[in-house]
Every structure is written in structure tokens, then in C-alpha cells.
Number of protein chains: 2
Amino acid sequence: MTSRDNERVVLARDLVGTPEPDDFRYELCERPVVGPGQMLVEAEWLSLDPYVRALLSGRHFLRQPRAGDVLPARSVARVVDSRHAVFSIGDRVVLETGLQRRTVSNGDDAWLLHPGHSPASTALGILGMPGMTAYFGMLDVAQLKAGDTVLVSAASGPVGSMVGQIARIKGARAIGIAGGPHKCTWTVREARFDACIDYKNESVDQRLRELAPRGVDIYFDNTGGEILNTVVMGRHLAMHGRVILCGLITQYNLKDAPNGPNLGPLMACRGKILPMVVYDYENRREEFLRAAIPWFESGQLAYREDVAEGLDNAAAQFCKLMRGENFGKTLVRLL
Amino acid sequence: MTSRDNERVVLARDLVGTPEPDDFRYELCERPVVGPGQMLVEAEWLSLDPYVRALLSGRHFLRQPRAGDVLPARSVARVVDSRHAVFSIGDRVVLETGLQRRTVSNGDDAWLLHPGHSPASTALGILGMPGMTAYFGMLDVAQLKAGDTVLVSAASGPVGSMVGQIARIKGARAIGIAGGPHKCTWTVREARFDACIDYKNESVDQRLRELAPRGVDIYFDNTGGEILNTVVMGRHLAMHGRVILCGLITQYNLKDAPNGPNLGPLMACRGKILPMVVYDYENRREEFLRAAIPWFESGQLAYREDVAEGLDNAAAQFCKLMRGENFGKTLVRLL
């Protein structure tokens with residue numbers, strides 16, 4: 001018999017609307033057993049991500065978790081036992097473990113924590129999936145050029161802050177949209193955006209008319225909803241503008257997907273709507289890190305983290321994220 | 001003094017909703033005088049086009065006509081007097097004249113009627129702007145490939161019928177959407193589409209599930225509205241599917257632009273939304289005609305025309321078009 005020295009967070013019931021702590025259950029469980037070709041890892045940092053809410057509604061293209069299933073989560077973890085051909089005890093890896101402390105993995109989706117001197121947690125944020133989303137979304141999908149004006153929503157989050165900072169590094173102008181003066185101030189002062197619109201206290205339409213009277217070349221959309229509608233229907237795209245569909249946090253809590261923008265204005269500006277899905281770029285992670293680690297180490301990338309301590313606080317932290325009350329990359333620390 | 005032997009159709013009042021004949025005024029007027037560098041043309045065929053309705057609401061990117069202005073229209077016309085360096089008396093040309101019999105032009109937007117043996121009226125339809133819209137929309141914007149499944153709305157119209165026939169010529173599958181059994185039967189029997197959905201009597205969603213269970217690679221949208229919403233939100237796009245935004249006839253009569261589809265489903269299928277504006281391809285007309293005239297002359301292009309006789313019937317014909325009661329390329333004959 002194995003000991004119950006493991007811990008995890010499972011879905012307690014099917015989700016409706018904005019998640020509440022009672023939708024999840026923290027529980028002790030057995031330590032998993034390593035089989036041939038497997039490794040046992042202990043999570044140090046766990047990532048909480050909005051797309052998991054879409055997953056929980058079956059609205060994402062990945063498998064929908066059901067009551068009793070461990071919540072999906074990517075982690076930075078240390079290998080503590082290994083019968084794996086590649087990964088050895090002591091290695092630090094990034095992989096999908098779900099929200100649990102100890103996990104057995106066959107290593108198929110694991111890779112070594114990036115080299116360099118950045119904190120390990122950045123492998124889940126600015127140097128991880130969110131950073132890579134911004135990188136390939138901007139350089140590959142949106143075809144960013146020097147001189148472009150870039151608008152991005154959820155600008156103080158890990159994707160949005162990276163979008164604006166890549167814009168600046170590449171000689172473009174960055175305008176953020178975020179909720180509340182704290183986030184906006186950080187986005188301009190720390191992440192060095194040219195401007196940030198506080199959508200909770202300002203008219204996005206009006207501010208865009210002032211800040212980008214000739215329109216934006218790229219709108220990197222992390223939110224969907226009213227902001228997306230305003231950009232398209234308010235004719236804030238410049239000629240040949242690109243809308244990058246990346247995240248839809250405004251609708252993940254909704255039962256039915258709301259209607260989107262009327263697409264007529266795209267004709268006049270020849271605007272395109274293009275999706276960005278980071279899974280399509282998994283095989284280009286090295287390319288991303290070769291660019292981003294030097295930026296990080298030379299101090300060009302500000303980032304912000306919102307950290308909860310311990311798995312027993314993970315559910316509340318996820319609920320906070322889904323209420324938009326987080327500030328920066330949302331993490332759970334198990335160290 | 002010049003004689004009042006000219007005739008024209010002007011906008012009588014600002015338009016609201018579906019156009020009615022009283023919104024327009026047929027009138028006799030003076031024959032225009034040819035100045036240096038100009039030519040006088042007499043229209044033989046006049047084109048009626050849905051985008052003109054958008055123009056009349058100021059919702060198009062071209063100039064909004066006001067009460068008293070001649071309605072915009074492209075025509076096939078004969079040069080009857082010329083002080084122009086290029087065009088001579090007797091030339092047949094295609095140009096913007098507006099809805100009038102005799103027009104003076106500086107020739108800037110005029111070109112010679114295409115060569116070959118096709119009827120002159122096709123220069124306003126399948127071998128004109130609508131045909132060219134289909135051609136570059138399919139081959140350039142949508143990047144049509146053999147084996148693709150192509151869906152097109154307003155399938156019996158001049159753009160839609162050409163979209164499906166180009167699909168077939170290029171080895172793709174063509175599914176049309178049209179209103180009523182007459183249009184659908186023509187689309188399949190004459191234009192040789194693989195299938196046509198009667199949106200007035202069938203569920204587009206249900207029929208698409210049957211006809212294209214793995215989705216469509218290209219949706220060429222001439223309508224907007226519910227059909228566009230069904231294709232996107234009903235997840236009828238195949239992986240890497242393309243929506244070509246071309247026409248929005250469902251909303252031209254509306255005062256306010258309605259909301260469009262929720263764009264979330266584009267993430268799963270990596271679907272793109274791309275605008276097609278034929279004015280961007282004016283300098284590639286020769287390329288289009290070099291492909292399309294041989295198709296036409298070898299009997300590969302069926303087309304259908306809906307012809308009214310005389311300018312005094314032009315307003316009623318335009319109103320019929322905007323009620324969706326036309327069948328095929330809508331024209332006014334002045335011969």
C-alpha cells in the first residue's frame with residue numbers, strides 16, 4: 001500500500017458561470033508509482049490559465065475535464081524518481097501535471113527548464129507558453145513590422161505584456177488595454193508601453209480615437225467581447241490591419257457564446273482576422289527562447305506575477321483569475 | 001442650348017430600409033457636351049449591384065450619393081463622340097456612367113470591351129467585375145486548391161455562380177446556398193455545382209452537416225447575416241478554413257449593422273477571415289480575362305441574367321434586386 005502523501009485539486013462538479021471555490025475539491029491522495037519508461041516529478045510552480053475555464057465548459061478543443069478529474073495545469077517540476085531514458089533525478093522540467101504535487105509522467109510533453117539565469121517561474125509566463133504565444137502571434141501570425149501601431153488587451157497579463165514589449169523591441173508602438181489604474185500604470189511604467197487605456201474607467205472607443213487616429217495595424221485580442229467589437233465596428237483598424245484572435249476571457253464564464261462584431265468594416269480597411277494557437281508552435285520553442293532569454297537577461301522584459309502559496313489555495317486563486325482580479329501571471333507555488 | 005434628349009435615374013430622397021421606386025426619380029435631361037480630352041458615350045447595358053445600396057447609406061467606402069445625384073452604375077457603352085486621345089467613335093467600352101443614357105467621360109476608368117465572342121452584357125457579369133471578384137477571391141485571397149470543398153452564398157448570382165464554377169474547373173467541390181428551388185435547381189443543373197442548399201426551405205446548419213461533415217475549406221460569403229453566423233458558429237469550417245468576406249446583402253437595407261458571429265470557433269479550426277475587394281485587382285483584369293474567356297468560349301461557364309428594358313424601369317429593377325427577387329446578374333438594357 002502507498003502512503004497518502006500526495007495532494008491535488010479536482011473538479012467537484014460541472015461548472016456553470018463564474019467559478020467558485022466550491023466547484024473544486026482539494027484532497028490528499030496516494031503517491032503515484034513509477035512504471036517502466038516513466039518518471040515521478042514534484043511540482044514547484046503550477047500555472048493557472050484562463051483557457052482552462054473554456055476547457056471546463058467543453059468549449060475548448062482539448063478534452064473536457066469531468067467531476068473528479070484533476071484540473072489541468074502546466075508546471076515547473078523536479079524529477080525525484082526516474083525510469084525514463086532521457087530525464088534523470090534532479091532534472092527540472094516543464095510539463096503538464098495537472099494541479100497536483102506529485103505526478104507520474106512518460107515525459108512525452110516534457111522538456112528541460114530553459115537555461116540562463118531567469119527565475120524558474122518565468123518558464124510558465126514570459127518565457128513559457130504565454131511568452132511564446134505573444135512571440136509567434138506577433139512575428140509569425142501578425143507579421144509585425146517596425147513602425148506598426150499595436151493594440152493589445154489584457155495588457156498587464158503574461159501574453160499581453162509580452163506583446164507590447166515585443167512591439168517596442170521591434171520598433172513598433174504599443175498601446176495596452178487593462179482594467180483599472182494599477183494595471184495601466186504598471187503597463188506604461190514597468191513594461192514601457194506607449195500608452196494604456198483603462199477600460200473600466202475610460203471609453204476605449206474615444207481613447208483610441210485620440211491615441212491612434214489613423215487606426216492600429218495590429219489588434220492582439222486576449223479578451224473578445226466588447227473590446228473586440230469596439231475595435232472592429234468602431235473602425236479602429238488601419239488599412240491592412242490584422243486582428244489576432246488569441247484569448248476570449250470575456251466569454252469563458254458564459255453559458256452561450258455571445259455574438260461578435262459585425263464584419264462589414266473589415267472590407268473598407270482590408271482587415272484580416274487571424275487565429276493564434278500556441279500549440280501550433282511547440283516545435284519552435286528553441287527559436288523563441290533564443291530570442292527571449294537575451295531580452296530577459298538584458299533587462300528588456302518586465303513581468304509581474306500573482307502567486308498563491310500551496311495547493312489548498314489553488315482553487316481560490318483560479319477563481320480570482322476568472323473574476324479578472326489577478327494582476328500578472330497567475331501561479332501557485334509549492335516550494 | 002442643348003436638347004433634353006438624355007435620360008437618367010437620380011436619388012429622390014435619402015434612403016431608409018428596403019428601397020422603393022419612389023426613392024428614385026426618372027428624368028429627362030440635357031445631353032452633355034464633350035470637352036477637350038473627353039468622350040461622349042451611350043450606354044447599351046447598365047449594371048445594377050447590391051453594393052450601391054451600401055453606398056446609399058454611406059456604409060461603403062466610396063462616396064455616398066445624395067438626393068439629386070445620378071445613381072452609380074457601371075455600363076457597357078459605345079463611344080459616339082470623342083476628343084479623347086485613346087478612345088474613338090464606335091469603340092465599345094466598359095466604364096462608370098451612372099444610371100443614365102449619355103455620359104461624358106474623361107476615360108480614366110474606362111477600358112475596351114473584352115475581345116472574343118461572348119455577349120457584351122457578360123462584361124458586367126461573369127466576365128466583368130463580379131467574375132473578377134470570384135476569380136481573385138478564390139485564387140488569390142482564398143488560395144483555392146484542388147480537392148477543397150467550397151461553400152458560397154448567393155450561388156445563382158454573378159459572383160456566386162462564378163465562384164462555384166471556378167471551384168469545379170480547378171478540381172474542387174462546390175456547394176451553393178440560394179433562396180428557393182428555382183435558383184437551387186439552376187445552380188446544380190446549369191452551373192454544375194455539386195449541391196445547393198435552399199436557405200428559405202432548408203436548415204443550412206443541418207444540410208451542411210450532411211453535405212460537408214468534415215467542414216468546408218472555403219466559405220465565400222456574399223451575404224453576411226445568419227448564413228455567415230451559421231457557418232462560423234456552427235463550426236462548419238474545416239481545419240485551416242477560410243471565410244472570404246465579399247458581400248453583405250443581408251445588412252445593406254438595415255439602419256444599424258447587426259452583430260456578427262462569435263469568433264471563438266475560429267481558434268479550434270485555425271480559421272481565417274479575409275476580405276475580398278475587387279478594386280484591389282483592377283490592374284490584373286487582363287490576367288482574369290486570359291483565363292475566363294477561354295472557359296467561357298469552351299462552354300464551361302453558365303450564367304443567368306435578369307434584364308429590365310429601359311431606364312424608366314431601372315428603379316423598379318434595383319428595388320427587386322434589393323428584395324432578393326432577382327435571379328442572376330441584374331441588368332438594364334438600353335439598346
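Caption draft 1: Just the overall build of chain A, in detail. The helix and strand inventory of chain A stands at 10 helices and 15 strands. Here chain A has a C-alpha radius of gyration of 20 Å; the compact-globule value for 335 residues is 20 Å, and the two agree. Each principal axis of the C-alpha distribution contributes one length, and for chain A these read about 70 × 45 × 35 Å. With 335 residues in all, chain A has 51% of them scored as buried.

Caption draft 2: Representation of the interface of chain B and chain A in the model. Residue-level contacts link 25 residues of chain B with 25 residues of chain A. Mapped by element, the contributors of at least two residues to the side of chain B that touches chain A are α8 (265–269) and β13 (272–275) of chain B. Looking at the side of chain B that touches chain A, its residues break down into 15 nonpolar, seven polar and three charged.

Caption draft 3: Region of interest: the relation of the copies chain B and chain A. Aligned on chain A, chain B shows an RMSD of 0.0 Å; the corresponding rotation is 180 degrees and the shift along the axis is 0.0 Å. Read as a symmetry element, the transformation amounts to a two-fold axis. When the interface residues of chain B are mapped onto chain A, 100% of them again fall at the interface, so both copies present the same face.

Caption draft 4: Representation of the domain arrangement of chain A within the structure. Residues and elements named next belong to chain A. Domain annotation for chain A reports domain 1 (6–124 + 304–333) and domain 2 (129–279). A straight line from the C-alpha centre of domain 1 to that of domain 2 covers 28 Å. Opposite the 13 residues of domain 1 that make contact, domain 2 presents 14 residues.

Caption draft 5: Fine view of the nonpolar core. With 208 residues, the main nonpolar core has Val-150 of chain A together with Val-150 of chain B as its most contacted residues. When sequence neighbours within four positions are dropped, the list of residues in contact with Val-150 of chain A reads Val-163, Gly-164, Ala-167, Ala-172, Arg-173, Ala-174, Ile-175, Val-216, Asp-217, Ile-218 and Phe-220 of chain A.

Caption draft 6: Examining the environment of Leu-124 of chain A more closely. Residues and elements named next belong to chain A. Turning to its location among the elements, Leu-124 is positioned in the loop between β7 (111–112) and α2 (129–141). For the pair Leu-124 and Pro-158, spaced 34 residues apart in sequence, the C-alpha to C-alpha distance is 9.1 Å. Once residues within four sequence positions are removed from consideration, Leu-124 is found in contact with Trp-45, Ser-47, Arg-74, Val-76, Lys-329 and Leu-331.

Caption draft 7: Main features of the pairing of strand β10 (residues 195–198) of chain A. All names here are of chain A. With four bridges connecting them, strand β9 (residues 173–178) and β10 associate as parallel partners. For Gly-176, the partnering residue across the bridge sits in β10 and is Cys-196. With helix α4 (residues 181–189) bridging β9 and its parallel neighbour β10, the resulting β-α-β unit is right-handed.

Caption draft 8: Broad picture of helix α10 (residues 314–322) of chain A. Taken across its nine residues, α10 of chain A has seven buried, putting it largely inside the fold. Positive phi appears at Gly-324 of chain A, one or two residues downstream of α10 of chain A, with a value of about 75 degrees.

Caption draft 9: Spatial organisation of unusual backbone geometry. Residues and elements named next belong to chain B. Even without being a glycine, Gln-143 presents a positive backbone phi close to 50 degrees. With respect to the helices and strands, Gln-143 occurs in the loop between α2 (129–141) and β8 (149–153). In this structure Gln-143 comes out as partly exposed when scored by C-beta crowding, with 13 C-beta atoms within 10 Å. Phi is positive for Arg-235, which is not a glycine, with a value near 55 degrees. You can see Arg-235 is positioned in the loop between α6 (225–233) and β12 (237–245).

Caption draft 10: Region of interest: the packing of α2 of chain B against helix α3 (residues 158–169) of chain B. Residues and elements named next belong to chain B. For the pair α2 and α3, interaxial distance at closest approach is 8 Å and the crossing angle is 45 degrees. As the angle between them shows, α2 and α3 are arranged oblique. Of the two possible hands of crossing, α2 and α3 adopt the one that is right-handed. Residue-level contacts link Pro-130, Gly-131, Thr-133, Ala-134, Tyr-135 and Met-138 of α2 to Pro-158, Val-159, Met-162, Val-163, Ile-166 and Ala-167 of α3. For the contact of α2 with α3, the class distribution of residues is 10 nonpolar, two polar and no charged.

Caption draft 11: Representation of the pairing of strand β8 (residues 149–153) of chain A in the model. All names here are of chain A. With respect to burial, β8 is a largely interior element, five of its five residues being buried. Burial of β8 is two-sided: the residues Thr-149, Leu-151 and Ser-153 facing one way and the residues Val-150 and Val-152 facing the other way are all buried. In terms of strand pairing, β8 meets β9 through five bridges, oriented parallel. Bridge pairing in β9 places Val-152 opposite Gly-176. For the segment spanning β8, helix α3 (residues 158–169) and β9, crossover handedness is right-handed.

Rules used in this analysis
- Residues numbered from 1 in each chain as written.
- Chains lettered and ligands numbered in written order.
- Predicted model: local features only at pLDDT ≥ 70, side-chain atom pairs only at ≥ 80, totals over all residues.
- Helix = DSSP H or I, 4+ residues; strand = E, 2+ residues; numbered from the N terminus.
- Rg over C-alpha atoms; globule rule 2.2 N^0.38 Å.
- Buried ≥ 20, exposed ≤ 12 C-beta atoms within 10 Å, placed from the backbone.
- Contact = placed C-beta atoms within 7 Å.
- Nonpolar A, V, L, I, M, F, W, Y, C, P; charged D, E, K, R; others polar.
- Least-squares fit on C-alpha atoms with pLDDT ≥ 70 in both.
- Domains from an automatic or database assignment.
- Core = buried A, V, L, I, M, F, W, Y, C linked by C-beta atoms within 7 Å.
- Pairing = 2+ DSSP bridges.
- Right-handed = clockwise from strand over helix to strand, strands pointing away.
- Axes fitted to C-alpha atoms, helices over the stretch in contact; angles between N-to-C directions.
- Parallel < 35°, antiparallel > 145°, perpendicular 65-115°, else oblique.
- Left-handed = near helix turned anticlockwise from the far one by under 90°.

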